[in-house]
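One letter stands for each residue in the lines below.
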Amino acid sequence: MEQKLRTETLCIQAGYSPKSGEPRQIPIYQSTTFKYATSEDMGKLFDLEAEGYFYSRLANPTCDAVAAKIAALEGGTAAMLTSSGQAATFYAVFNIASCGDHIVSSSAIYGGSFNLFNVTMRRMGIDFTFVSPDCTEEELNAAFKPNTKAVFGETIANPALNVLDIEKFAKAAHAHGVPLIVDNTFATPINCRPFEWGADIVTHSTTKYMDGHASAVGGCIVDSGKFDWTQHADKFPGLCTPDESYHGVTYTERFGLAGAYITKCTAQLMRDLGSVQSPQSAYYLNLGLESLPFRMKQHCSNAQKIAEYLQSNEKVAWVKYCGLKGDQYYYLAQKYLPGGSCGVISFGLKGGRSAAETFMKNMRLGSIETHVADSRTCCLHPASTTHRQMTDAELDAAGVGADLIRLSCGLENAEDLIADLAQAIEKV
Ligand SMILES: *Cc1c(COP(=O)(O)O)cnc(C)c1O
């Protein structure tokens, strides 16, 4: 029934339907444990034979309701919340890859994801090949190895702002018998639903637009239920053969394609690693989700107006925003993000690094933060903050030039933001 409802309705109604006399708002189940009448009753839960709650590291009703809402928004069959976007990325990959396996990833991904893959997960014996999101199909296909278990990319890359050709990546992944995992944080399901373009699993840092008010760090993993693990059972023994740590359950047999991936991820990874989102954070996330469609419209409309303004200012050297005609990703954005992309822009001023520093000192409404995707406009000059240990040559190689300013357009009035930018640029 939820499938037929439109996005704005799902944002309000999906995931929680109180029965007569129950609270209208999702209750915060601030309880670590749940009580049972008999040991037999509880034993069935441990054997995954009955549904119910027993310990909040494995499942909590508040978190489950919010995860179900996100699953409905993405058009997936199952979802789980995690303590952060980092945990979501790690679990999504580690659920199907272990020591000796290999992953193909877009090189244009969030810096935290890149470190997770290139340093920490390599240490765990998982190998990664990074490909440009703009590579040809031949280059992409050449990156696969017999032990490749998944392909990873970001709908809109943070902070490079590349738009992923999801169909191209999905086609290559499926030709090699593996799923495509897409980090959909910047687009949100309001602006892009990667499953409709062939992606199999979606991850989110809910810390960004979904929360939207800089209130709570969190993450989410959603499964489309479409990838048939059993067709490639040799590649995915964890899903297709008995799990001795759970009394020999075979996830694909017991839970079907709709539930196998998320059930395994919860029953094994969350059980053993424990990166749970708190019910309190899930409650904040749900408040954010209720207004997500309206906020995304305003973020995108502000970013479009501001990008156009910056382009017209003669002190601005360049502007990167996929909503601008002439942007390298304009056509991909028209295809995958026809209703808008996100509120994040990058630009450079004539005068490079020092002009950027002067500009940053003079911004009034836009505050200096490493955060993005918040109701309040914020900006960052990576060369003098997050990336300050790098030389100019290293900055260029990383695609974050010494002049680059990242601007996350908030929900304020666009005219006020433009006036603020204008006075700060004027001082340069
Ligand atoms: C912030 C971010 C992450 C990491 O999320 P946290 O909630 O900070 O752990 C992952 N992917 C993208 C695209 C992000 O912007």
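Note that the coordinates shown come from a computational prediction; the quantities given were computed from them, not determined experimentally.

Thresholds, definitions, all that
Residues numbered from 1 in each chain as written. Predicted model: local features only at pLDDT ≥ 70, side-chain atom pairs only at ≥ 80, totals over all residues. Heavy atoms only, no water. Helix = DSSP H or I, 4+ residues; strand = E, 2+ residues; numbered from the N terminus. Rg over C-alpha atoms; globule rule 2.2 N^0.38 Å. Buried < 20%, exposed > 50% of the residue type's maximum accessible area, 1.4 Å probe, protein only. Contact = heavy atoms within 4.5 Å. Areas by Shrake-Rupley, 256 points an atom, 1.4 Å probe, with all protein chains shown as cover. Pairing = 2+ DSSP bridges. Axes fitted to C-alpha atoms, helices over the stretch in contact; angles between N-to-C directions. Polar contact = N/O pair within 3.5 Å; in protein donor to acceptor, adjacent residues only side chain to side chain. Salt bridge = Lys/Arg side-chain N within 4 Å of Asp/Glu carboxyl O. Phe/Tyr/Trp six-rings, centres within 6.5 Å; stacked < 30°, edge-to-face > 60°. Parallel < 35°, antiparallel > 145°, perpendicular 65-115°, else oblique. Left-handed = near helix turned anticlockwise from the far one by under 90°. Nonpolar A, V, L, I, M, F, W, Y, C, P; charged D, E, K, R; others polar. Domains from an automatic or database assignment. Buried area = accessible area lost by both parts, 1.4 Å probe.

Trainee: So what exactly am I meant to see when it comes to the overall build of the protein chain here?
Mentor: Check the secondary structure of the protein chain and you find 16 helices and 12 strands. The C-alpha radius of gyration computed for the protein chain amounts to 22 Å, which stays within 12% of the reference 22 Å derived for 428 residues, consistent with globular compactness. C-alpha extents for the protein chain along the principal axes are approximately 75 × 55 × 40 Å. Relative to its full complement of 428 residues, the protein chain shows a buried share of 54%. For the protein chain, the proportion of contacts with a sequence separation of at least 24, taken over those separated by at least 6, is 73%. Within the structure as shown, the protein chain displays about 17,900 Å² of accessible surface, and the carbon and sulfur contribution to it stands at 52%.

Trainee: Help me understand the sheet that holds strand 5 (residues 180-183) in this model?
Mentor: Pairing between the strands of a sheet comes from backbone hydrogen bonds, and it takes one of two forms, parallel or antiparallel. Pairing is mixed in the open sheet, where 7 strands are placed in the order 1-7-6-5-4-2-3. What marks the edges here is a single partner per strand, and that holds for strand 1 (78-82) and strand 3 (127-131). When the angles between neighbouring strand axes are averaged without regard to direction, this sheet yields 20 degrees. This element, helix 4 (residues 85-94), spans strand 1, strand 2 (102-106), strand 4 (148-154), strand 5, strand 6 (201-205) and strand 7 (219-223) of the sheet and lies at about 30 degrees to strand 7.

Trainee: Help me understand the environment of Ser 132 in this model?
Mentor: In this fold, Ser 132 is placed in the loop between strand 3 and helix 6 (137-142). For Ser 132, a relative accessible area of 35% corresponds to the partly exposed category. Along the chain, Ser 132 and Glu 49 lie 83 residues apart, while their C-alpha atoms are 45 Å from each other. What Ser 132 contacts, discounting residues up to four positions off in sequence, is Ser 107 and Phe 169. Here the side chain of Ser 132 touches Asp 134 through a polar contact of 3.0 Å, landing on its backbone nitrogen.

Trainee: Just checking my understanding: could you explain the pairing of strand 2 for this structure?
Mentor: Consecutive side chains of a regular strand alternate in pointing toward one face of the sheet and then the other. When you tally the buried positions in strand 2, you get 5 out of 5 residues, the bulk of the element. Side chains His 102, Val 104 and Ser 106 project from strand 2 onto one buried face, and the interleaved Ile 103 and Ser 105 project onto a second face that is buried too. Across 5 bridges, strand 2 lies against strand 3 in parallel orientation. Looking at strand 3, one finds that Ser 105 is bridged to Phe 130.

Trainee: Teacher, can you tell me more about the pattern of salt bridges here?
Mentor: Side chains that differ in sign of charge can pair as their charged atoms come close. Summed over all chains, the structure comprises 9 salt bridges. Put simply, Asp 374 and Arg 376 hold a salt bridge, and the shortest N to O gap is 3.2 Å. Residue classification places Asp 374 among the buried residues on the basis of a relative accessible area of 1%.

Trainee: Whenever I open this one, the sheet that holds strand 8 (residues 316-320) confuses me. Can you help?
Mentor: Strand order in this open sheet of 5 strands is 8-9-12-11-10, and the pairing throughout is mixed. On the outer flanks of this sheet lie strand 8 and strand 10 (367-368), each paired with one strand and no other. In this structure, strand 10 lies alongside strand 11 (residues 378-380), joined through 2 bridges in parallel fashion. Residue pairing across strands places Ser 367 opposite Cys 378, the latter belonging to strand 11. Each of strand 8, strand 9 (344-349) and strand 12 (405-408) touches helix 12 (residues 292-312); the most contacted strand, strand 9, lies at about 10 degrees to it.

Trainee: Whenever I open this one, the packing of aromatic side chains confuses me. Can you help?
Mentor: Counted under the stated rule, the structure contains 18 aromatic pairs. Measuring from ring centre to ring centre gives 5.0 Å for Trp 229 and Phe 236, while their planes differ by 80 degrees; the resulting arrangement is edge-to-face. On the basis of relative accessible area, Phe 236 is assigned to the buried category, the value being 2%. Look at Phe 347 and Phe 359: their rings are 5.6 Å apart centre to centre, the planes differ by 90 degrees, and that puts the pair in the edge-to-face class. Of this pair, Phe 347 sits in strand 9 while Phe 359 sits in helix 14 (residues 352-362), and the two are 12 residues apart along the sequence.

Trainee: Quick question: what am I supposed to make of the packing of helix 4 against helix 5 (residues 111-123) here?
Mentor: Remark: helix 4 packs on helix 5, axes separated minimally by 10 Å, with the N-to-C direction vectors making an angle of 50 degrees. Accordingly, the angle class assigned to the pair helix 4 and helix 5 is oblique. The crossing of helix 4 and helix 5 is right-handed. In this structure, helix 4 contributes Gln 86, Thr 89, Phe 90, Val 93 and Phe 94 to the contact, and helix 5 contributes Gly 112, Ser 113, Leu 116, Phe 117 and Met 121. Looking at the contact of helix 4 with helix 5, its residues break down into 6 nonpolar, 4 polar and no charged.

Trainee: Would you take a moment to explain the domain arrangement of the protein chain for this structure?
Mentor: For an interface, size is often stated in terms of accessible area lost upon the parts coming together. You can read the domains of the protein chain as domain 1 (7-280) and domain 2 (293-426). Summarising the inter-unit geometry, the C-alpha centres of domain 1 and domain 2 are found 30 Å apart. Contact residues are listed per partner, giving 31 residues for domain 1 and 31 residues for domain 2. Carbon and sulfur atoms supply 63% of the area that domain 1 and domain 2 bury against each other, a total of about 2,600 Å² over both sides.

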